[in-house]
Amino acid sequence: MAYSDKVIDHYENPRNVGTLDKDNENVGTGLVGAPACGDVMRLQIQVQDNKIVDAKFKTFGCGSAIASSSLATEMLKGKSLDEAKDIKNTQIVEELALPPVKIHCSVLAEEAIKSAIEDYKEKQGK
Amino acid sequence: MIKRENMPIYMDYQATTPVDPRVVDKMMPYFSEIFGNAASRTHAYGWESEKAVETARKHIAELISADAKDIIFTSGATESNNLALKGAMDFYKDKGDHLITVATEHKCVIDTARYLKQQGKQLTVLPVDDAGRVNLEDLKNAITDKTVILSVMGVNNETGTMQDLKAIGKICKEHGVLFHTDAAQAFGKVELDVEDMGIDLMSISAHKIYGPKGIGALYVRRRKPRVRLTPLIHGGGQERGMRSGTLSTSLIVGFGEASRIAKEEMEPEANRLIELKKYMYNKLNEQLEEVYLNGSLEDGIPGNLNLSFAFIEGESLMMAIKGLAVSSGSACTSASLESSYVLKAMGKGDDLAHTSIRFGIGRFTTKEEIEIAVETVVREVNRLRDLSPLWEMFKEGIDLSKIQWNDEHGGH
């Protein structure tokens, strides 16, 4: 399968790989997908004054899944939570020129973002 | 094999092989010089082509201990499998309407069997154990008085697992059922003997044994029992009426020469390939944890090493090791998103079935290439594991099977 240059760039030089302390109350963690489906994404955000100051990811999946989550962390940094919530998978599809069979990777990335925000909000609510 | 710069190291010998230069040399005169139609009985052009075809037929037959007259040339193993199953089910329709095959067969057997089922035939698909072998008791129990044919592959194209053909042949004989085997991966690599194994029909192909693409054959037993088939292709009545069409003398000559070389060099080549395979497997295991062998190191065919690297996904690993031309599962499924149905049938979890890579080692593979392959795989597996949340969880001692995964959105 031919990948776009952008997918290959993110795949070969993934941005923001890593782990934030999931027990930190300023960190939100989203873990989506399933090993049986061939994709698992973990996306984490660190929030300060309603702003995402750091984002990290780790992904088990194909090249497009890795690229989608890498791009998602780049998009998240510096955004407010409200702005982050509005990120759509179509933006990822467009930016990475994902083929139709790989659109689910971008959907998963969007889910991971939403799930991380939710987790953060839940923690704050407590 | 002519190795080219800027091309990955070829490790996909189960998909196809380069034509051996010795085979090309044999073929060359049969394009412009010796071009006659082997069916032309009236002049010397036809006679010399016919002679070349018959010599090739003999070399091919010798590799499976068959009579040369039992070899029917086709375009390849896919056509042979179609002819064997459709041809037998049609010809013996008065005897019965039941066929039996196995879950791990190549797509061209599975899809042909499914087509026959759509046409109203009865189909039984047998499961396999975790090594990929069919259970002989299951097989015996599946046979009914309506069973016409049983089709079990010799060697699996993904894992290299060999079936016990002799035992299966014996059961078929006892029950008066035709025994067909798709031997595309076994032919020329392991000893095959149609008499000893009780095989009635065998599909073989040239391009898996360093011969040209576009030529294969179906072995069709003529005695004890005399097997008859309804042809798929009608016409001039070539190949005992079972496969009409002008024979491709050049391809057949290539197929014959490839078979001759395979027979002559089978043992030393097998020993060399087994040694390379074990070397690669051991080196990878020394340097990486959680590497799983799909199939068996001892029982599989010499050049097939199918491994699952836990916690990383096969497609991304293939992308990472782009300096190696390998395949995830079979060539036919690696373009799709499905995980391997062969590995799933062997009871491997979906996660491991998603992480399998087939390394094919063949006639032109060198020790240096294996060293490069090991180094590449170790480096990239480590890199991808650093990216994998599953690896991190595994390292933290979390049992991944206990996690409630959110997979209702379907995924693959």
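Residues numbered from 1 in each chain as written. Chains lettered and ligands numbered in written order. Predicted model: local features only at pLDDT ≥ 70, side-chain atom pairs only at ≥ 80, totals over all residues. Heavy atoms only, no water.

Side note on the overall build of chain B
- Within chain B one finds 13 helices and twelve strands.
- The C-alpha radius of gyration computed for chain B amounts to 22 Å, which stays within 12% of the reference 22 Å derived for 412 residues, consistent with globular compactness.
- Considering only C-alpha atoms, chain B reaches an extent of 75 × 55 × 35 Å along its principal axes.
- Across the 412 residues of chain B, 57% fall into the buried class.
- Looking at chain B alone, contacts between residues at least 24 apart form 73% of all its contacts between residues at least 6 apart.
- Surface accessibility of chain B: about 17500 Å² in total, with carbon and sulfur atoms responsible for 50%. (Helix = DSSP H or I, 4+ residues; strand = E, 2+ residues; numbered from the N terminus. Rg over C-alpha atoms; globule rule 2.2 N^0.38 Å. Buried < 20%, exposed > 50% of the residue type's maximum accessible area, 1.4 Å probe, protein only. Contact = heavy atoms within 4.5 Å. Areas by Shrake-Rupley, 256 points an atom, 1.4 Å probe, with all protein chains shown as cover.)

Focus on unusual backbone geometry
Residue and element names in this part refer to chain B.
- Backbone torsion omega between K224 and P225 reads -10 degrees, so that peptide bond is classified as cis.
- Within the fold, P225 resides in the loop between β8 (216–220) and α8 (249–287).
- A positive phi angle is found at R240, which is not glycine, with a value near 55 degrees.
- A positive phi angle is found at E290, which is not glycine, with a value near 55 degrees.
- On the secondary structure map, E290 appears in the loop between α8 and β9 (291–294).

Brief notes about the sheet that holds strand β1 (residues 27–34) of chain A
All names here are of chain A.
- With respect to topology, three strands assemble into an open sheet ordered β1-β2-β3, the strand pairing being antiparallel. Strands with a single pairing partner mark the edges of an open sheet, and in this sheet they are β1 and β3 (51–60). Adjacent strand axes in the sheet meet at a mean angle of 15 degrees when their direction is disregarded.
- Here strand β2 (residues 39–48) runs beside β3; their pairing, made up of nine bridges, is antiparallel. Bridge pairing links Q44 to K56 in β3.
- Strand contacts of helix α2 (residues 63–76): β2 and β3, with the helix running at about 175 degrees to β3, the strand carrying the most contacts. (Pairing = 2+ DSSP bridges. Axes fitted to C-alpha atoms, helices over the stretch in contact; angles between N-to-C directions.)

Let's talk about the packing of α2(A) against helix α5 (residues 103–125) of chain A
All names here are of chain A.
- In contact at an axis separation of 9 Å, α2 and α5 are set at 40 degrees when each is read in the N-to-C sense. It follows that α2 is oblique to α5 by the angle criterion. Crossing angle aside, the handedness with which α2 passes α5 is right-handed. Across the interface between the two elements, S64, A65, S68, A72 and L76 of α2 pack against C105, S106, A109 and I113 of α5.
- Among the residues making up the contact of α2 with α5, the classes are represented as six nonpolar, three polar and no charged. (Parallel < 35°, antiparallel > 145°, perpendicular 65-115°, else oblique. Left-handed = near helix turned anticlockwise from the far one by under 90°. Nonpolar A, V, L, I, M, F, W, Y, C, P; charged D, E, K, R; others polar.)

A look at the pattern of salt bridges
- The final tally for this structure, using the stated rule, is 38 salt bridges over all chains.
- Its salt-bridge partner being K322(B), residue E12(A) comes within 2.7 Å of it at the nearest N-O pair. Taken as a pair, E12(A) in helix α1 (residues 5–12) and K322(B) in the loop between α9 (314–320) and β11 (324–325) lie in two separate chains rather than in one.
- With relative accessibility at 53%, the residue K322(B) sits in the exposed group. (Salt bridge = Lys/Arg side-chain N within 4 Å of Asp/Glu carboxyl O.)

Let's talk about the side chain of T16(B)
All names here are of chain B.
- With respect to the element layout, T16 can be found in the loop between β1 (9–10) and α1 (21–27).
- Here T16 falls in the buried class, since its relative accessible area comes to 17%.
- Looking at T16, its side chain comes within polar contact range of the side chain of H207, at 2.6 Å.
- Leaving out residues up to four positions away in the same chain, T16 has contacts with Y10, H207 and K213. (Polar contact = N/O pair within 3.5 Å; in protein donor to acceptor, adjacent residues only side chain to side chain.)

Examining the side chain of T365(B)
Residues and elements named next belong to chain B.
- Turning to its location among the elements, T365 is positioned in the loop between β12 (356–360) and α12 (367–387).
- Classification of T365 as buried rests on a relative accessible area of 1%.
- In terms of polar contacts, T365 uses its side chain to reach the backbone amide nitrogen of G362, at 2.8 Å.
- Beyond its immediate chain neighbours, meaning those up to four positions away, T365 contacts Y13, R272, L276, G360 and I370.

Concerning the interface of chain B and chain A
- Listed by partner, the interface residues are 31 residues for chain B and 32 residues for chain A.
- Both sides together, the interface formed by chain B and chain A hides about 2600 Å², and carbon and sulfur atoms give 63% of it.
- Our count for the chain B to chain A interface comes out at four salt bridges.
- Here E392(B) and K58(A) are joined by a salt bridge, their closest N and O atoms 2.9 Å apart. (Buried area = accessible area lost by both parts, 1.4 Å probe.)

Observations regarding α12(B)
- For α12(B), built from 21 residues, the straight-helix expectation of 30 Å at 1.5 Å per residue is met to within 8% by its first-to-last C-alpha distance of 30 Å.
- Every buried residue belonging to α12(B) is among E369(B), I370(B), A373(B), V374(B), T376(B), V377(B), V378(B), E380(B), V381(B), L384(B), R385(B) and L387(B), and all of these are buried. (Expected span 1.5 Å × (residues − 1).)

So, the sheet that holds β12(B)
Residue and element names in this part refer to chain B.
- The sheet built from three strands is open, its strands ordered β9-β10-β12 with antiparallel pairing. On the outer flanks of this sheet lie β9 and β12, each paired with one strand and no other. Across the sheet, the axes of successive neighbouring strands diverge by a mean angle of 30 degrees, strand direction being ignored.
- With four bridges connecting them, β9 and strand β10 (residues 304–309) associate as antiparallel partners. Within the sheet, the bridge partner assigned to L293 lies in β10 and is L307.
- Contacts from α8 reach β9, β10 and β12 within the one sheet, and its direction differs from that of β10 by about 15 degrees.

Thoughts on the packing of aromatic side chains
All names here are of chain B.
- A full pass over the atoms with the stated rule returns eleven aromatic pairs over all chains.
- Centre to centre, the rings of Y210 and F364 are 5.7 Å apart; their planes meet at 80 degrees, and the pair counts as edge-to-face. Here Y210, found in the loop between β7 (201–205) and β8, pairs with F364, found in the loop between β12 and α12; they are 154 residues apart in sequence, far enough to count as distant.
- In this structure Y210 comes out as buried when scored by relative accessible area, which is 6%.
- Judged by centre distance (5.8 Å) and plane angle (55 degrees), the ring pair of F311 and W391 falls under tilted. You can see F311 sitting in the loop between β10 and α9 and its partner W391 sitting in helix α13 (residues 389–395), a full 80 residues away along the chain. Comparing F311 with W391 shows no difference in burial state: the two are buried. (Phe/Tyr/Trp six-rings, centres within 6.5 Å; stacked < 30°, edge-to-face > 60°.)

Quick notes on the nonpolar core
- Counting residues in each nonpolar core, the largest one holds 66 residues, and the members touching the most others are I45(A), M11(B), F309(B) and F359(B).
- In this structure, I60(B), I100(B), V177(B) and F255(B) belong to the second largest nonpolar core, which totals 58 residues. (Core = buried A, V, L, I, M, F, W, Y, C linked by side-chain atoms within 4.5 Å.)

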